[in-house]
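Read off the chains here:
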Amino acid sequence: MARVAPVLQEDRVELSAEEQKQAQARSLKLLRSVLRPLKKQLILTLVLVVVSVGLTTALPLLLSYGIDNTITPLMEGHSGPVTLVVALYFAAAVLAGLTLYANVVLTTKVSQRALFDLRKRMFGHAQRLSVQFHETYTSGRVVSRLTSDLETLKSFLDSGLSQLASTLLSMVFTVAALVLLDWRAGVGLLVAAVPIYFLTRWFRKHSALAYRAQRVVNAQLIGRFVETFTGIRAVKAFRYEPQARSAYGNIAEDFRVKVMDSIKVNGIFMPSLTAIGNVFLGTVMIIGGYAVLGGSMQVGTLLALAIYANRVFEPVMALSDFYNLFQSAVSALEKVSSFLEEEPSVAEPEHPVTREGKPSGDVLFDNVSFSYLPGRPALHPLDLHVPAGQQVALVGKTGAGKSTVAKLIARFYDVSSGRLLLDGVDIRDLSDEQLRREVVMITQEAFLFSGSVADNIRLARPSASDEEVIAAARSVGAHDFIMNLPSGYETNLAKRGGRVSAGQRQLISFARAFLVNPSVLILDEATASLDIPTERLVQRGLARLLQGRTSFVIAHRLSTVLDSDRVLVVSEGRMIEDGAPSALITAGGVFAEMVDSWNETMAVEE
Ligand SMILES: Nc1ncnc2c1ncn2[C@@H]1O[C@H](COP(=O)(O)OP(=O)(O)OP(=O)(O)O)[C@@H](O)[C@H]1O
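As the structure is a prediction and not an experimental result, all values here were calculated from the model.

Asks: Explain the packing of aromatic side chains to me, using residue names and the numbers behind them.
Replies: In this structure the tally under the stated criterion is eleven aromatic pairs. On the basis of an interplanar angle of 85° and a centroid distance of 6.1 Å, the ring pair of Y89 and F90 is categorised as edge-to-face. By relative accessible area, which is 25% here, Y89 ends up partly exposed. Accessibility expressed as a relative area gives 54% for F90, which makes it exposed. Here F225 and Y248 contribute two aromatic rings whose centre-to-centre distance is 6.1 Å and whose plane-to-plane angle is 55°, an arrangement assigned as tilted. Remark: Y248 occurs in helix α8 (residues 241-294) and F225 occurs in helix α6 (residues 183-230); sequence separation between them is 23 residues.

So, in structure tokens, the structure goes:
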């Protein structure tokens, strides 16, 4: 069977046997890789578990021995045996406590180390994945992977692993002690094991399904939450609150039902197990009581039997509890591992071409075509040569393919066929570092990160000096407004007073690009209209930024288009017109019509 793309499995509750196998193998591989460096500590925790459980199990035996064998000598005036047993009892109890403590501390250390590693790996990986991945995998799901799934793994690693070991061991030790004390208890256990076996099987099946369903809905819940609040402006602007609330409410209700389902499964399982345990304990007490009366068993032995009989089913309960945790951890691990296995669709070359000298910015589309989805071309075979330093305006209706051209040059996506050359080198052969130095894309949103204005300008060149940052800001005309901010370049953009306007954001992002000094610049011109002075400032900043570089501007303003050296009109994934703006206007084609309607709109606005 074909390998299922890992993250595509996420939303499904039931997987085929083959898919389950793949998911398990992936999860185990990840777990092993995370725990391998911690092998020594893990072995030590196991040793501690064995000691602590062994001692805890030995306590009732000591008690029974003390009652049956030291009271008579004590009545005869020999206090030695009883003192020895009591001393041993306390020593064992204290040691059991100490080893348990050491175990908890060590396990927590191990789990925190493992999570630290995993957290870093996931963040790094999320960044390594291509734009394509992030365009389809919502940010809410990434958040869910990095938060709730890791949290589940934390609980599992913190308590689950050593709990599993100690529970299993305590079961084995307790059963052994019971059988050792009285073989009939062993027979009773065998009888009780039959209903417990069926009950546990039933529980495992239903609880696994319920937990998987719960986690799927949980991810949807987080996803919806993040989506709503990432788009809070649109939500408010379009009074989408009621629908958003009801959509969130529906998922929350679904989540409640799924949680109830798993609680119901627990609700049947736990009491049934307790009932079986109580029947077993009662039987042991009746048979043991008669044996004591008949003189074939001593009181101390009966006491120890009762303690063990009371304890013997505890591990089954703990294991089932653990099973729930285990289930969540397994499904979290499946998701995390599938996320980590996702390969970037745009991969860095293994042997990047290194180029000497300053790149000039010559761009060549050599029979390039591209589709986002198979069979639905977004760009038909295109041959296009843009010589170094040329300023190109991309125009066309919405959905025509302008951004697609831009994203290909920035290598957010790889071409489906053909080649895209930058100064004669296929951009797939350039290292990411080199490509990002040579080609910069500025998007409409002009995203600013929390931190100071200077940090934001320095983003792509952290080593840039203050002078260089200021020079870049001056070049694009951002210096004056930055100096007017409360703390100038050190103003924190995440704090009050650090709020900047849309035009100012753009100027900061221009300065950021200026500092990188790329040979090719791609710009999705912002559509938001600014007030006239800011608009002029932005236009001037843009002109200075574009000077001497090859540029592709997805132009929304007529002035930008008319200032360009060349206009490319895109329509349904094809270049239908190509030429200097004046030539295209004279030729009277699609572009000429666009300019007419642009002029008309402006006339209306005026
Ligand atoms: N991530 C994607 N997955 C699938 N199809 C896509 C994706 N991005 C864009 N498309 C499709 O590719 C075609 C070209 O889109 P593109 O974004 O390049 O248009 P555009 O000319 O930039 O439009 P606009 O001016 O509205 O931004 C459209 O039909 C669009 O639906």
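Asks: Go over the domain arrangement of the chain, please, and point to the residues and values.
Replies: For the chain, the domain assignment lists domain 1 (23-341) and domain 2 (363-605). Between domain 1 and domain 2, the C-alpha centre-to-centre distance is 55 Å.

Asks: Any chance you could break down the layout of surface pockets for me, citing the residues and the numbers?
Replies: Take a probe with the size of a water molecule and roll it over the atoms, and the empty space left behind shows itself. Its volume calculated, the largest pocket comes out at about 1,900 Å³. Around the largest pocket, the lining comprises 40 residues; the ones closest to its centre are V131, F412, R436, F449 and L459. For the lining of the largest pocket, the elements supplying multiple residues, two or more each, are α3 (80-128), α4 (131-136), α5 (139-181), α12 (432-438), β6 (439-442) and α16 (502-516). Counting residues per element, the lining of the largest pocket draws most heavily on α12, which supplies five residues.

Asks: Provide a residue-level description of the nonpolar core, including the pertinent values.
Replies: Ranked by size, the top nonpolar core spans 44 residues in total, and within it I457 and F510 carry the most contacts. With seven residues, α16 is the single largest residue contributor to this core. Formed by 32 residues, the second largest nonpolar core is a distinct cluster that contains V363, F365, V368 and L430.

Asks: So what's going on with unusual backbone geometry? Residues and values would help.
Replies: Phi angles above zero are rare outside glycine, and R411 is one such case at about 55°. Looking at the element boundaries, R411 is found in the loop between α11 (402-409) and β4 (417-422). Overall, R411 belongs to the buried group, its relative accessible area being 4%. Phi is positive for N517, which is not a glycine, with a value near 55°. With respect to the helices and strands, N517 occurs in the loop between α16 and β7 (520-524).

Asks: I'd like a description of α11, backed by residues and values.
Replies: Burial runs high along α11: seven of the eight residues are buried. When α11 is considered as a whole, its buried residues turn out to be K402, T404, V405, A406, K407, L408 and I409. Two residues or fewer past α11, R411 is found with a positive phi of approximately 55°.

Asks: Describe a nonpolar patch on the surface, naming the residues involved and giving the relevant values.
Replies: On the surface, I67, I71, M75, V299 and L303 cluster together into a nonpolar patch covering about 450 Å² of accessible area. Only α2 (39-75) and α9 (299-311) provide two or more residues apiece to the nonpolar patch. Sorting elements by how many residues they give to the nonpolar patch places α2 first, with three residues. Structurally, the position occupied by I67 is in helix α2. The class for I67 is partly exposed, based on a relative accessible area of 31%.

The rules behind these values
- Residues numbered from 1 in each chain as written.
- Predicted model: local features only at pLDDT ≥ 70, side-chain atom pairs only at ≥ 80, totals over all residues.
- Heavy atoms only, no water.
- Phe/Tyr/Trp six-rings, centres within 6.5 Å; stacked < 30°, edge-to-face > 60°.
- Buried < 20%, exposed > 50% of the residue type's maximum accessible area, 1.4 Å probe, protein only.
- Helix = DSSP H or I, 4+ residues; strand = E, 2+ residues; numbered from the N terminus.
- Domains from an automatic or database assignment.
- 1 Å grid on protein atoms, 1.4 Å probe; cavity = no way out; pocket = protein on both sides within 12 Å on 5 of 7 lines; lining within 4 Å.
- Points joined across faces, edges and corners; volume = space filled by probe spheres on them.
- Core = buried A, V, L, I, M, F, W, Y, C linked by side-chain atoms within 4.5 Å.
- Patch = residues over 30% accessible without salt bridge, like charges linked within 9 Å, V, L, I, M, F, W, Y side chains within 5 Å.
- Areas by Shrake-Rupley, 256 points an atom, 1.4 Å probe, with all protein chains shown as cover.
- Salt bridge = Lys/Arg side-chain N within 4 Å of Asp/Glu carboxyl O.

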